[in-house]
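Descriptive structure summary
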Amino acid sequence: DTSSSAACIEEQCEQKSRELLEVMSATDEYVLEMGNLRRDREEANEKLFKALRHLQDFKDVIVNQETELAEQALSLQHHMNSSEMEKMQIVEANEKDRRALIE
């Protein structure tokens, strides 16, 4: 009776040992997976930050180009206004010359 009780206890110990090994194995897999997920998250964050830096650089380039274009547009408008005034002065001078020739 004692030997069957001892065998039963031994069987229970072996069963608990197997269960403990399964839990430990599952824990190791979980810890490994968490480490992989953390590494993947860190890599994704680094890629995101790089992309954001590129976007900021691109935005800066666009803002600079917009500023340059606005300055060019103002310069062109000034030039067109000057040309229009010169054209009007030429037309007026021609009109005066024409009147002088008629008189």
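All of the points below concern the structure found in this document. Because the structure is a prediction, the values reported are computed rather than measured. Here, residues in each chain are numbered from 1, in the same order as that chain's written sequence. Residue-level local features of this predicted model are given only where pLDDT is at least 70; pairs of side-chain atoms are given and counted only at 80 or more, and the full residue set underlies all totals for whole chains, interfaces and linings. Note that the side-chain values use all heavy atoms of the structure and ignore hydrogens as well as water.

1. A few points about the overall build of the chain
Strands are runs of DSSP state E lasting at least two residues, helices are runs of H or I lasting at least four, and both sets are numbered from the N terminus onward. Counting its regular elements, the chain contains one helix and zero strands. Computed over the C-alpha atoms, the radius of gyration of the chain is 44 Å, more than 25% above the 13 Å expected from 2.2 N^0.38 for a compact globule of 103 residues. Dimensions of the chain, computed from C-alpha atoms along their principal axes, come out at roughly 150 × 15 × 10 Å. Counting every position in the chain, which comprises 103 residues, the buried fraction comes to 0%. What sets the accessible areas is the Shrake-Rupley method with a 1.4 Å probe; for residues, cover comes only from the shown protein chains. By element, 59% of the accessible surface of the chain is carried by carbon and sulfur atoms, the whole surface being about 9700 Å². The sign given to each residue is positive for Lys and Arg and negative for Asp and Glu; His and the chain ends receive no count. Where a charge lies is defined by one atom per residue type, namely NZ (Lys), CZ (Arg), CG (Asp) and CD (Glu). Here the chain carries 13 positive and 24 negative side-chain charges, and the mean point of each set is 8 Å from the other. In this description the radius of gyration comes from C-alpha coordinates, and the expected globular size is given by 2.2 Å times residues to the power 0.38. Think of it in three bands: residues with accessible area under 20% of the maximum for their type are buried, residues over 50% are exposed, and the middle band is partly exposed, with areas taken using a 1.4 Å probe on protein chains only.

2. As for the environment of asparagine 64
In this structure, asparagine 64 sits in helix 1 (residues 2–102). Using a relative accessible area of 46% as the deciding quantity, one classes asparagine 64 as partly exposed.

3. With respect to the environment of alanine 70
For alanine 70, the position within the fold is in helix 1. Taking the relative accessible area as the measure of exposure, alanine 70 reaches 41% and is therefore partly exposed. As a C-alpha pair, alanine 70 and glutamate 43 span 27 residues in sequence and 41 Å in three-dimensional space.

4. Some thoughts on the state of the cysteines
Cysteine sulfur atoms are paired as a disulfide whenever they fall within 2.5 Å. If you walk through the whole model with that rule in mind, you get zero disulfides. No disulfide involves cysteine 8; its nearest neighbouring cysteine sulfur is the one of cysteine 13, lying 9.7 Å away. Relative accessible area serves as the criterion here: at 47%, cysteine 13 is assigned to the partly exposed category.

5. A word on a nonpolar patch on the surface
Each patch is built from salt-bridge-free residues with over 30% relative accessible area, joining like charges within 9 Å and nonpolar side chains (Val, Leu, Ile, Met, Phe, Trp, Tyr) within 5 Å. We count a salt bridge whenever a side-chain nitrogen from Lys or Arg sits within 4 Å of a carboxyl oxygen from Asp or Glu. A cluster of nonpolar side chains, contributed by Tyr30, Val31, Met34 and Leu37, occupies part of the molecular surface with about 390 Å² of accessible area. Along the chain, the position of methionine 34 falls in helix 1.

6. A few points about the pattern of salt bridges
Pairing is possible between side chains of opposite charge, provided their charged atoms come close. Counted by the stated rule, this structure contains seven salt bridges. Between glutamate 95 and arginine 98 there is a salt bridge whose closest N-O contact spans 2.6 Å. Taken together, the residues glutamate 95 and arginine 98, both in helix 1 and three residues apart, mark about one turn of the helix. Its salt-bridge partner being glutamate 95, residue arginine 99 comes within 3.5 Å of it at the nearest N-O pair. Note that arginine 99 and glutamate 95 are positioned in helix 1 at a spacing of four residues, about one turn of the helix. Salt bridges here are not isolated pairs; linked through shared partners, they connect Arg39, Asp40 and Glu43.

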